[in-house]
Amino acid sequence: MLERLLARQLRQAQQDGDVDPELDADVVAAGLLALTNGLGSRVLGGQRDGAGALTVLNYHLDCLFRPQAPKE
């Protein structure tokens, strides 16, 4: 259910011009959930602290929401 919600939000961001419209929203949503689950496990296991996990997540979100260059 969360994956579908994220995919819908990504599609809206694509329509709004905030995310590359050529990305597969379903695949990106699955990847974001896998990323957050993996980071959560690493924090719980003591391999990474919360601030480090947030840095990784923010990096990937910044890449996803980077302004798109106009297509010719």
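Use the structure listed above.
Residues numbered from 1 in each chain as written. Predicted model: local features only at pLDDT ≥ 70, side-chain atom pairs only at ≥ 80, totals over all residues. Heavy atoms only, no water.

**Q** When you look at the packing of helix H2 (residues 25-44) against helix H3 (residues 50-64) in this model, what are you seeing that I'm missing?
**A** Two packed helices can be described by the angle between their axes and the distance between those axes. Two elements in contact, H2 and H3, have axes whose closest approach is 9 Å; the angle formed by their N-to-C orientations is 165 degrees. By the angle class used here, H2 and H3 are roughly antiparallel. As for the relative orientation of H2 and H3, their crossing is right-handed in sense. Contact residues: H2 offers Val28, Leu32, Leu35, Thr36, Leu39 and Val43, while H3 offers Gly50, Ala53, Val56, Leu57, His60, Leu61 and Leu64. (Axes fitted to C-alpha atoms, helices over the stretch in contact; angles between N-to-C directions. Helix = DSSP H or I, 4+ residues; strand = E, 2+ residues; numbered from the N terminus. Parallel < 35°, antiparallel > 145°, perpendicular 65-115°, else oblique. Left-handed = near helix turned anticlockwise from the far one by under 90°. Contact = heavy atoms within 4.5 Å.)

**Q** Sorry, what's going on with the environment of leucine 32 here?
**A** If you trace the backbone, leucine 32 turns up in helix H2. A sequence separation of 25 residues divides leucine 32 from leucine 57, and the C-alpha atoms of the two residues are 8.5 Å apart. Those residues in contact with leucine 32, other than ones at most four positions away along the chain, are Leu10, Leu61 and Leu64.

**Q** How should I be thinking about the pattern of salt bridges in this particular structure?
**A** Opposite charge on two side chains lets them pair, provided their charged atoms get close. Enumeration according to the criterion identifies one salt bridge in this entry. Two residues, arginine 11 and aspartate 26, come together in a salt bridge whose shortest N-O distance is 2.7 Å. Separated by 15 residues along the polypeptide, arginine 11 in helix H1 (residues 2-15) and aspartate 26 in helix H2 bring together distant segments of the chain. Owing to a relative accessible area of 40%, aspartate 26 belongs among the partly exposed residues under this scheme. (Salt bridge = Lys/Arg side-chain N within 4 Å of Asp/Glu carboxyl O. Buried < 20%, exposed > 50% of the residue type's maximum accessible area, 1.4 Å probe, protein only.)

**Q** Looking at this structure, I do not really get the environment of alanine 7. What am I missing?
**A** Looking at where alanine 7 falls in the secondary structure, it is placed in helix H1. Residues alanine 7 and aspartate 18 lie eleven residues apart in sequence; the distance between their C-alpha atoms is 14 Å.

**Q** Got a minute to help me understand H1 in this structure?
**A** In this model H1 runs 20 Å from its N-terminal to its C-terminal C-alpha over 14 residues, within 8% of the 20 Å that 1.5 Å per residue would give. When we look at burial in H1, the residues that qualify are Ala7, Leu10, Ala13 and Gln14. The arc enclosing the buried residues of H1, seen along the axis, measures out at 120 degrees, which places them on a common side. Summarising the geometry of H1, the exposed residues directed more than 90 degrees from the buried face are Arg4 and Gln15. Elements that come into contact with the buried residues of H1 comprise H2 and H3. Immediately beyond the C-terminal end of H1, within one or two residues, lies glycine 17, with a positive phi of roughly 85 degrees. (Expected span 1.5 Å × (residues − 1). Arc of directions from axis to C-beta.)

These figures come from the coordinates and say nothing about function on their own.
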